[in-house]
Each structure stands twice: as C-alpha cells, then as structure tokens.
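For reference, the chains in residue letters:
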Amino acid sequence: MDRKPLNKEEQAARRQLTAVLRSMLSGECTYLEAAPWILHLRSHVGGVGDFDEDFRAFVAINSETDHLPTLATRHLWAEHAVAALEPGAC
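Just so you know, these numbers come straight off a predicted model, no measurement behind them.

Participant: Any details on the packing of helix H2 (residues 31-42) against helix H3 (residues 53-65)? Residues and values, ideally.
Facilitator: Between H2 and H3, whose axes approach to 9 Å, the crossing angle comes to 120°. Relative to H3, H2 is oriented oblique. Taken as a pair, H2 and H3 cross one another with a handedness that is left-handed. Facing Tyr31, Leu32, Ala35, Pro36, Ile38, Leu39 and Arg42 of H2, the residues of H3 in contact are Phe55, Phe58, Val59, Ile61, Asn62 and Thr65.

Participant: A description of H3 should follow, citing residues and the corresponding values.
Facilitator: Residues of H3 that are buried: Phe55, Phe58 and Thr65. The arc that holds the buried residues of H3, viewed along the axis, is 95°, so those residues lie on one side. In H3, the exposed residues that point more than 90 degrees away from the buried face are Glu53 and Glu64. Two to three positions downstream of the cap, the backbone nitrogen of Asp54 sits 2.8 Å from a side-chain oxygen, assigning the N-cap of H3 to Asp52.

Participant: An account of the nonpolar core is needed here, citing residue identities and associated values.
Facilitator: Core analysis: the largest hydrophobic core is formed by 13 residues, its most contacted members being Leu17, Val20, Met24, Ala34, Ile38, Leu41 and Phe58. Elements with a minimum of two residues in this core: helix H1 (8-26), H2 and H3. Here this core takes 5 residues from H2, the largest share from any one element. The residues contacting Ile38, other than those within four sequence positions of it, are Leu17, Val20, Leu21, Met24, Phe55 and Phe58.

Participant: So what about the side chain of Thr65? Which residues, and what values?
Facilitator: Its place among the elements puts Thr65 in helix H3. Within the structure, Thr65 has its side chain in polar contact with the backbone oxygen of Ile61 (distance 2.6 Å).

Participant: A description of the pattern of salt bridges should follow, citing residues and the corresponding values.
Facilitator: The full count for this structure, using the stated rule, is 2 salt bridges. A salt bridge links Arg14 to Glu10, with the shortest nitrogen-to-oxygen separation between them at 3.1 Å. Note that Arg14 and Glu10 are positioned in helix H1 at a spacing of 4 residues, about one turn of the helix. A relative accessible area of 32% means that Arg14 is categorised as partly exposed. Of the charged contacts in the structure, one is a salt bridge between Glu53 and Arg56, with a shortest N-O distance of 3.3 Å.

Quick notes on the rules
Here the residue index of a chain counts from 1 through its sequence in written order. pLDDT decides what is reported in this predicted model: residues at 70 or higher carry local features, side-chain atom pairs at 80 or more are listed and counted, and totals for whole chains, interfaces and linings draw on all residues regardless. For side-chain calculations, the full set of non-hydrogen atoms in the structure is used, while hydrogens and water are omitted. Only the stretch in contact is used when fitting a helix axis, every axis being a line fitted to C-alpha atoms; angles between N-to-C directions are given from 0 to 180 degrees. Helix numbers and strand numbers start at the N terminus; a helix is a DSSP run of H or I with at least 4 residues, a strand a run of E with at least 2. Put simply, angles under 35 degrees are roughly parallel, angles over 145 are roughly antiparallel, angles from 65 to 115 are roughly perpendicular, and the rest are oblique. Should the near helix be turned anticlockwise from the far one by less than a right angle, the crossing is termed left-handed; should it be turned clockwise, right-handed. Any two residues having at least one pair of non-hydrogen atoms within 4.5 Å are treated as being in contact. Only protein chains enter the accessibility calculation, which uses a 1.4 Å probe; a residue is then buried when its area is under 20% of its type maximum, exposed when over 50%, and partly exposed in between. Taken from the helix axis, the directions to the C-beta atoms give the arc we talk about. Contacts described as polar in this section are N or O atom pairs within 3.5 Å, which, within protein, must combine one atom able to donate a hydrogen with one able to accept it, while residues neighboring in sequence count only if both atoms come from side chains. The set of buried Ala, Val, Leu, Ile, Met, Phe, Trp, Tyr and Cys residues whose side-chain atoms join them within 4.5 Å is what this entry labels a nonpolar core. For this document, the term salt bridge refers to a Lys or Arg side-chain nitrogen within 4 Å of an Asp or Glu carboxyl oxygen.

The analysis is restricted to geometry; functional conclusions fall outside its scope.
Structure, rendered in structure tokens:
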C-alpha cells in the first residue's frame, strides 16, 4: 500500500510513541501509565486501524485498569483508597 509522506503531526506522534514505548520497556514508565498515551498517539499515526494486533494488548491494559489512579491523578485520591489498592491490602 502506497502512503503519502508523513506530515509534521504524524512525525511528532511517531517520535512520541517511540519515546513512550522505550520508557515503558526500560521500566521508567509502567504499562498502566503508558497504555493510555500509546492509544492516544495511535490515533495520530496513519495506517493503524482500530483493531491493529500491535496495539491490542494496550487496549486490554487500558480497559482493565482505567479505574485505577495514575501517577498524575493519585494525589487527588484519598490516602485510604490508594492504600486499599496496594498488593496485599484487604
């Protein structure tokens, strides 16, 4: 399939997507934190369908964890609510 040359927005989205994936793989960013960003950036990368196999795992991660606080929103949650989500908490 022939594609038009990448526009500046798509080039930027691809660079950001690469940075997020590298950050996730290096352990700097959790999968929980990365999944929403990856899905957001996917919509700015041409030629990627909604059911692309490479993104399916991130759709599942995002779907199953969207009720959990992210690092950016954790400060908005009550301490006892965050503590209850920690492994081993009852």
